[in-house]
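Single-letter residue listing:
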Amino acid sequence: LSAAAGAILAMLSSWIMFKKPDLTMALNGALAGLVGITANCDRVTEPYALLIGAVSGVLVVAGIVMLDKMRIDDPVGAFPVHGLCGVWGGIATGLFGTIPEGMTWGGFVGVQCFATLVICAWAFITMFGVFGLLKVVGMLRVSEEDEIMGLDLSEHGMHAYPAPWVASDTVAGTIPVDKPM
């Protein structure tokens, strides 16, 4: 239910924003709904599953647009799907989930918000260290030549998109920065 609601709301949101339906947004919306429901699937009712998925679908579209405006490269929408909707799912557990015996609603929401904050801090600190180490040993980025050629060729030895599928004014099948979508 959550995945379906996420797909539908992501599709509708992107359709309203971009004046055309976008399959990739709908698919990311389905993933977002799954991420949003994962923390609380055993604690919420069906209507709340629909609500959690719907919010996840809108969040993923907003997150992708936000990253694009900030010029942050996330071509598959990994942060909006897993980051934003994961945080939403943790908080939604407190908002809509069955309250454990002996806790108040406010206490449960507080525990979920605190736990979500701790998980985010742990992930940030850990990955900051891992990526810092990768940068120091020269394993974080590919060479400029490989980046220009495209990782499909340099890493896998073949084109991801054959020439007829790629517009002549694009590089590696992406939309140029100076051209509107």
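Placed above this text is the structure.
### Here we look at the side chain of Ser14
Locating Ser14 in the fold gives a position in helix H1 (residues 2–18). A polar side-chain atom of Ser14 sits 3.0 Å from the main-chain carbonyl oxygen of Met11. When neighbours within four sequence positions are excluded, Ser14 is seen to be in contact with Lys19, Lys20, Asp22, Met25 and Val61.

### Quick look at the packing of H1 against helix H3 (residues 46–69)
As a packed pair, H1 and H3 sit with axes 7 Å apart at the nearest point and diverge in direction by 40°. When the axis of H1 is compared with that of H3, the two are oblique. Taken as a pair, H1 and H3 cross one another with a handedness that is right-handed. Contacts from Ser2, Ala5, Gly6, Leu9, Ala10, Ser13, Ser14, Met17 and Phe18 in H1 reach Ala49, Leu50, Ile52, Gly53, Ala54, Gly57, Val58, Val60, Val61 and Val65 in H3. Taken together, the residues that form the contact of H1 with H3 break down as 13 nonpolar, 6 polar and no charged.

### Some words on empty space enclosed by the protein
By the definition in use, this model includes 1 cavity of 30 Å³ or more. Its volume calculated, the largest cavity comes out at about 30 Å³. Lining the largest cavity, in full, are Ile64, Leu67, Asp68, Ile72, Asp74 and Gly77. A class-by-class count of the residues in the lining of the largest cavity yields 3 nonpolar, 1 polar and 2 charged.

### A short note on the layout of surface pockets
By volume, the second largest pocket is sized at about 290 Å³. Around the second largest pocket sit Phe79, Gly83, Val87, Ile119, Cys120, Ala123, Phe124, Met127, Phe128, Phe131 and Gly132, which together line it. Broken down by secondary-structure element, the contributors of at least two residues to the lining of the second largest pocket are helix H4 (78–96) and helix H5 (105–136). Top element by residues in the lining of the second largest pocket is H5. It accounts for 8 residues. Of the residues assigned to the lining of the second largest pocket, the class counts are 9 nonpolar, 2 polar and no charged.

### Section: the nonpolar core
Counting 10 residues, the largest nonpolar core consists of Ala10, Met25, Ala32, Val35, Val60, Val61, Ile64, Val65, Val81 and Cys85. Mapped onto this core, the elements with two or more residues apiece are helix H2 (23–38), H3 and H4. Element by element, the count of residues in this core is highest for H3, at 4 residues. Setting aside anything within four residues of it in sequence, one finds Val65 in contact with Met17 and Phe18. Core analysis: the next-biggest nonpolar cluster, separate from the first, contains 7 residues, Ile37, Trp88, Ala92 and Phe96 among them.

Cut-offs applied
- Residues numbered from 1 in each chain as written.
- Predicted model: local features only at pLDDT ≥ 70, side-chain atom pairs only at ≥ 80, totals over all residues.
- Heavy atoms only, no water.
- Helix = DSSP H or I, 4+ residues; strand = E, 2+ residues; numbered from the N terminus.
- Polar contact = N/O pair within 3.5 Å; in protein donor to acceptor, adjacent residues only side chain to side chain.
- Contact = heavy atoms within 4.5 Å.
- Axes fitted to C-alpha atoms, helices over the stretch in contact; angles between N-to-C directions.
- Parallel < 35°, antiparallel > 145°, perpendicular 65-115°, else oblique.
- Left-handed = near helix turned anticlockwise from the far one by under 90°.
- Nonpolar A, V, L, I, M, F, W, Y, C, P; charged D, E, K, R; others polar.
- 1 Å grid on protein atoms, 1.4 Å probe; cavity = no way out; pocket = protein on both sides within 12 Å on 5 of 7 lines; lining within 4 Å.
- Points joined across faces, edges and corners; volume = space filled by probe spheres on them.
- Core = buried A, V, L, I, M, F, W, Y, C linked by side-chain atoms within 4.5 Å.
- Buried < 20%, exposed > 50% of the residue type's maximum accessible area, 1.4 Å probe, protein only.

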